[in-house]
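# Examination of the molecular architecture
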Amino acid sequence: MSRTAVVTGASSGIGAATARKLAQAGYRVVLTARRKERIDALATELTAAGHRADAYALDVTDRDAVDAFAAWLGTCHVLVNNAGGAIGAETVAEADPADWRAMYEVNVLGVLHVTQALLPALTASGDGTVVVLSSTAGHLAYEGGGGYVAAKHGAHALAATLRLELCGEPVRVIEIAPGMVRTDEFAVNRYRGDASKAADVYAGVAEPLTAEDVADTVEWAVTRPSHVNVDLLVVRPRAQAAQHKVHRTAGS
């Protein structure tokens, strides 16, 4: 019987790439995101390729909707908490508290909602895995990132605490913390649709990570033998040594 993997935020970027990787690895993937047309299209693509895939429109910040999803889902072996995002790059002094609240809602409480709702099924599976897609921002602060940094520190704390609390239970807790990743939407959304500012994020970095690079790490961690837990995997492009330290070629 195939194992079921739920991927939140599966409509684009890392979430969509992870869904493809897990489907190719033999999982029945359940795609969740707010944009139903996107996940419907991905489910159709995966099904046409011979994989098992279902789409379920879901806002992870809506607890009632998350509970209804859990009741619909039933069996679950893997949960990939990928839904998240950044809003703005203002300083702490100038930031809008509403942006901070929105980032906390999706990056922390969204992870909490889905994990709590699916934990009984993950435990009942006898071999469950919870993945939290955090960020290097959850480990190191940087200027202009206060709200996102705070939210991703929250996601990191949630994963670390859950791992302690589930020790002895048949559920692994894995945190994947990517550094600079170029996707179609993340930076554009962060800069409120300003494509020029979004492009500046990657200036001087010829090869930032791709969504597929991160999806590779998720698939690898999830498919380790059951007794192996990858507590924390930090993955950055070679050009990024720290949050804002980038090695540039001579003359660049």
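Nothing here was measured: the structure is a model prediction, and the numbers come from that model.

Let's shift gears to the overall build of the chain. The secondary structure content of the chain amounts to eight helices and seven strands. For the chain, with 252 residues in total, the buried portion stands at 48%. The long-range fraction of contacts in the chain, counting pairs at least 24 apart against all pairs at least 6 apart in sequence, stands at 71%. Per element, the accessible surface of the chain, about 11,800 Å² overall, is 53% carbon and sulfur.

Note that side chains of opposite charge can pair when their charged atoms are close. Here the structure, examined in full by the defined rule, presents seven salt bridges. With its nearest N and O atoms 2.9 Å apart, the salt bridge here joins Arg28 to Asp54. Of the two residues, Arg28 sits in strand S2 (residues 28-33) while Asp54 sits in strand S3 (residues 53-57), which places them 26 residues apart along the sequence. Judged by relative accessible area, which is 28%, Asp54 ranks as partly exposed.

Our focus in this paragraph is the nonpolar core. Counting 35 residues, the largest nonpolar core has Leu22, Val29, Leu31, Val80, Val131, Leu133 and Ile176 as the members making the most contacts within it. Residue contacts for Leu31: discarding those within four places in its chain leaves Val7, Ala10, Ala19, Ile39, Leu42, Ala43, Asp54, Ala55 and Tyr56. Residues Cys76, Val111, Ala155 and Val171 belong to the second largest nonpolar core, which totals 27 residues.

The next point concerns the environment of Ser11. In this structure, Ser11 sits in the loop between strand S1 (4-7) and helix H1 (13-24). The buried category is assigned to Ser11, whose relative accessible area is 13%. Taking C-alpha positions, Ser11 is 9.7 Å from Ala55, a pair spaced 44 residues apart along the chain. Every residue in contact with Ser11, bar those within four places of it in the chain, is listed here: Ala16, Ala33, Arg35, Arg38 and Ile39. Among the polar contacts listed, one links the side chain of Ser11 to the side chain of Arg35, at a separation of 3.0 Å.

Let us now look at the packing of aromatic side chains. Tallying each qualifying case throughout the model produces three aromatic pairs. For the pair Phe69 and Trp72, a centre-to-centre distance of 5.9 Å together with 25 degrees between the ring planes defines the contact as stacked. Remark: Trp72 and Phe69 occur in helix H3 (residues 63-73); sequence separation between them is three residues, near one turn of the helix. Taken together, the ring pairs in this structure connect Tyr56, Phe69 and Trp72 into an aromatic cluster.

About the thresholds
Residues numbered from 1 in each chain as written. Predicted model: local features only at pLDDT ≥ 70, side-chain atom pairs only at ≥ 80, totals over all residues. Heavy atoms only, no water. Helix = DSSP H or I, 4+ residues; strand = E, 2+ residues; numbered from the N terminus. Buried < 20%, exposed > 50% of the residue type's maximum accessible area, 1.4 Å probe, protein only. Contact = heavy atoms within 4.5 Å. Areas by Shrake-Rupley, 256 points an atom, 1.4 Å probe, with all protein chains shown as cover. Salt bridge = Lys/Arg side-chain N within 4 Å of Asp/Glu carboxyl O. Core = buried A, V, L, I, M, F, W, Y, C linked by side-chain atoms within 4.5 Å. Polar contact = N/O pair within 3.5 Å; in protein donor to acceptor, adjacent residues only side chain to side chain. Phe/Tyr/Trp six-rings, centres within 6.5 Å; stacked < 30°, edge-to-face > 60°.

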